[in-house]
Amino acid sequence: MSHSDDVPGRARVGDTDELTAYYDRLGEHDAGALWTVANDIEPWYPQPKSVPVHWSYERLRPLVLESLDLVKADDAGRRVVMLVNPGRKDVSAAVGMLYTGLQIMGPGESMTAHRHQAAALRFVVEGQGAWTVVDGQKLAVGPGDFAITPNWTWHEHGNEGTDAPVIWQDGLDIPLVNAHDAGFYEVHPALHQEPGKIVNSSLLTHGAGTLRPYGFDDGWTKPYSPLLAYPWERSYAALLDAAKATEGSPYDGVMLEYSNPLTGGSVMPTMGAHLQLLRAGEATRAHRHTGSVVYNVAKGRGHSVIAGRRFDWKQGDIFCVPSWAWHEHANDDTGDDAVLFSFNDFPVMRSLAFWREESHPDNDGHQPAA
Ligand code: 1HN
């Protein structure tokens, strides 16, 4: 496929005085000539404004901790240091149409309940004692746990630990919602929900994986997972089990998707999430696909090559892969595994029939050395 625009079938009209005057007259009627923008608005292949970014946890953590004394959590709504892609400051996105940030809650802190059109998810980075109440269900979460706040569900959080702050990563589809002019927001009329007595009830009911509730989940017609929190221990154990039986994917290593246990589909309609294991010393091959991904290094150290640039990472670090960017990952520890948590907009890509994927054709499946 040619990527030059000077080919039959592509817009290639040069400017003349007559045409420029014509464009001006169209402009006066809030109209324009398609051929002046056609090649920009219909690129040969995706042209993301987002660039690959690596956020070092070691460098950000002191700044996140600093915010504890600077603002009260409830005054701020949520006390979050957001991670902003230099190419997407206009929409406060970390990559593509995905937002992410690091939220910190001091010991004993709690926040009021609200709900919004955007869907949210959390990945706990450090600290004991965090809880969140989602749609009246109290979830206790610790490091490595993954939890969801589907769109329009009431939610409020806190830290009942006594000595240390909790830091978790938030992921939301805010830029996507705003791109569609579909945002709504509500503060809970009573400021707090009345949680049911049983903590983690969705995990007790739906957390058995292949064993599904029989005869008592018939009412579940909601478009998101009835399981609201996925504990680290089980998820990591599942990865280790899978690694005993499979080589995994040449592009992703051993990767598992957090799924809706009733459908096998993504946890929410707009965002999916994965946990992937890179064995000691393992290096994946490069591929690219439509859809954006935000990673959090859950364990270990290594590097990724994204759009030809190398990023070295270790536990707690966050990095992103823009749509259609070549990417490959390597575990640089030859004695221990590395684990990457990630969330993505793949459900959007798939449901709109935008999904495309291809493997890197050259250099034995690797990008040219960065
Ligand atoms: C939100 O509701 C939370 O509930 C965190 O913890 C970050 C960013 C934008 C909009 C809503 C939360 C958010 C958010």
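One numbering rule holds for all chains: residues counted from 1, following each sequence as written. Local features are withheld for residues below a pLDDT of 70 in this predicted model, meaning they are given only at 70 or higher, and side-chain atom pairs are given and counted only at 80 or more; totals for whole chains, interfaces and linings count all residues. Just so you know, side-chain values use all the structure's heavy atoms and leave hydrogens and water out.

Caption draft 1: Up close: a nonpolar patch on the surface. Patches here are clusters of residues that have more than 30% relative accessible area and form no salt bridge, with a 9 Å joining cutoff for like charges and a 5 Å cutoff for nonpolar side chains (Val, Leu, Ile, Met, Phe, Trp, Tyr). Every accessible area reported is derived by Shrake-Rupley at a probe size of 1.4 Å, with residue values counting cover from the shown protein chains alone. Salt bridge, as used here, is a side-chain nitrogen of Lys or Arg placed within 4 Å of a carboxyl oxygen of Asp or Glu. Among the surface-exposed residues, Val13, Tyr22 and Trp35 lie close enough to one another that they form a single nonpolar patch of about 270 Å² accessible area. Take Val13: it is sitting in the segment before helix 1 (17–27). For Val13, a relative accessible area of 45% translates into the label partly exposed. Per the convention used, a helix needs a DSSP run of H or I reaching at least four residues, while a strand needs a run of E reaching at least two, with both numbered from the N terminus. A simple rule labels every residue: compare its accessible area, found with a 1.4 Å probe on the protein chains alone, to the largest value its type can have, and call it buried under 20%, exposed over 50%, or partly exposed in between.

Caption draft 2: Spatial organisation of the sheet that holds strand 8 (residues 146–149). For two strands to pair, DSSP has to find at least two bridges joining them. Spatially, the six strands line up as an open sheet ordered 2-3-10-5-8-12, and their pairing is antiparallel. The sheet terminates laterally at strand 2 (80–83) and strand 12 (229–230), the two strands that pair on one side only. Sheet topology note: the strand 5 (residues 120–126)/strand 10 (residues 166–172) ladder contains six bridges and is antiparallel. Each bridged residue has a counterpart across the sheet, and for Phe123 the counterpart in strand 10 is Gln169.

Caption draft 3: Up close: the site of the ligand. A single heavy atom is enough: if one lies within 4 Å of a molecule or strand, its residue is considered near that molecule or strand. All residues in the neighbourhood of the ligand are listed as Arg78, Tyr99, Gln103, His114, His116, Arg122, His155, His157, Asp170, Leu172 and Ile174. Definition of a polar contact: a pair of N or O atoms within 3.5 Å, with one able to donate and the other able to accept a hydrogen when the atoms are protein atoms, and with sequence-neighbouring residues admitted only if both atoms are side-chain atoms. Between His114 and the ligand, the recorded distance is 2.7 Å, taken from a side-chain N or O atom to an oxygen atom. For the ligand, an oxygen atom lies 3.1 Å from a polar atom in the side chain of Arg122. For the ligand, whose accessible area on its own is 320 Å², the fraction buried by protein is 84%.

Caption draft 4: The arrangement of the nonpolar core in detail. Core analysis: the biggest nonpolar cluster contains 55 residues, and Phe146 and Phe341 have the highest contact counts within it. Among the elements that take part in this core, helix 6 (residues 232–245) stands out by supplying five residues, more than any other. Sequence-distant contacts of Phe146, defined by excluding residues within four places in its chain, comprise Leu121, Arg122, Phe123, Leu228, Ala229, Tyr230, Tyr258, Val267, Ala273 and Phe341. Throughout this description, the term nonpolar core refers to a set of buried Ala, Val, Leu, Ile, Met, Phe, Trp, Tyr and Cys residues connected via side-chain atoms within 4.5 Å. Note on definitions: a residue-residue contact is assigned when non-hydrogen atoms from the two residues lie within 4.5 Å.

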